[in-house]
Amino acid sequence: MDAKHCALDGWVDAIPAPGPRDTATFDLIVPVDLDAVEEDIHDTVVTCTSGDPRIVHELLNRIQPGDLLRATGILVQPPAPGEPALLVVDALEVLDTALLPVPARHGDGPIRRLLRHLRPRPRRSPRLHRARAVGRPGR
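Residues numbered from 1 in each chain as written. Predicted model: local features only at pLDDT ≥ 70, side-chain atom pairs only at ≥ 80, totals over all residues. Heavy atoms only, no water.

(A) Up close: the environment of L87. Mapped onto the elements, L87 comes out in strand 6 (residues 85–96). Relative accessible area serves as the criterion here: at 0%, L87 is assigned to the buried category. Separated by 83 residues in sequence, L87 and K4 have C-alpha atoms that sit 9.3 Å apart. Excluding anything up to four places from it in sequence, L87 contacts C6, L8, V46, T47, C48, T49, A71, G73, I74 and L75. (Helix = DSSP H or I, 4+ residues; strand = E, 2+ residues; numbered from the N terminus. Buried < 20%, exposed > 50% of the residue type's maximum accessible area, 1.4 Å probe, protein only. Contact = heavy atoms within 4.5 Å.)

What follows is the structure, encoded as structure tokens:
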């Protein structure tokens, strides 16, 4: 396998996930320079992983889909054609953030709390309210 130290700029495809042994993984969508190639080539997906505690904390707590990152590290070529390359990240820089934040993973982030207060509550009809107060409707 070929390994090369490089820096890649791209967008985060999905919420980074915790990996084995205190690591984090994410997919980086690296755009192809269409001026440099003549063929119709699609963007490249590079699977990234890091074991650096600072980078792992940043990935799992602050990075969201759509963020533009510069990931620097060792790029390992895939063993078979068609499989994604693996970038072992040793430095991470946020170049731009996504326009809309993604709600927190654990279901109680600030956006979900705000939405809970803004959501209109269903109104009870007076007849149902009286029926519950009396017991059974129709008696």
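There's more to say after this.
(B) Seen up close, the pairing of strand 5 (residues 68–76). Direction of pairing for strand 1 (residues 3–12) relative to strand 5: antiparallel, over a ladder of 9 bridges. From the neighbouring strand, L8 faces strand 5, where its bridge partner is A71. Relative to strand 6, strand 5 runs antiparallel, the two sharing 9 bridges. In the sheet register, L68 faces strand 6, and the bridge partner there is D96. (Pairing = 2+ DSSP bridges.)

(C) The arrangement of the pattern of salt bridges in detail. Applying the stated criterion to the full structure yields 4 salt bridges. The partner of R70 in a salt bridge is D9, with the nearest N and O atoms 2.8 Å apart. One end of the pair, R70, is in strand 5; the other, D9, is in strand 1, and 61 residues separate them in sequence. For D9, a relative accessible area of 31% corresponds to the partly exposed category. Across the salt bridge formed by E93 and R70, the nearest N and O atoms sit 3.7 Å from each other. Of this pair, E93 sits in strand 6 while R70 is found in strand 5, placing the two residues 23 residues apart along the sequence. A relative accessible area of 31% places R70 in the partly exposed class. Salt bridges linked by common partners bring D9, R70 and E93 together as one network. (Salt bridge = Lys/Arg side-chain N within 4 Å of Asp/Glu carboxyl O.)

(D) Geometry of the pairing of strand 1. In terms of strand pairing, strand 1 meets strand 3 (residues 23–30) through 2 bridges, oriented antiparallel. Following the sheet pairing, W11 is matched in strand 3 by I29.

(E) Structural context of unusual backbone geometry. Backbone geometry places R21, a non-glycine residue, at a positive phi of 55 degrees. Residue classification places R21 among the exposed positions, given a relative accessible area of 76%. The backbone of D22 sits at a positive phi, close to 60 degrees, despite the residue not being glycine. Secondary-structure assignment places D22 in the loop between strand 2 (17–19) and strand 3.

(F) Spatial organisation of helix 1 (residues 53–61). For helix 1, every residue scored as buried is listed here: I55, V56 and L59. All buried residues of helix 1 project into a common sector of 100 degrees when viewed along the axis, lining one side. Of the residues in helix 1, the exposed ones pointing more than 90 degrees away from the buried face are P53, R54 and N61. The inward-facing, buried residues of helix 1 contact strand 3, strand 4 (44–50) and strand 6. Measuring from the side-chain oxygen of the N-cap residue of helix 1 to the backbone nitrogen of R54 gives 2.9 Å; that N-cap residue is D52. (Arc of directions from axis to C-beta. Polar contact = N/O pair within 3.5 Å; in protein donor to acceptor, adjacent residues only side chain to side chain.)

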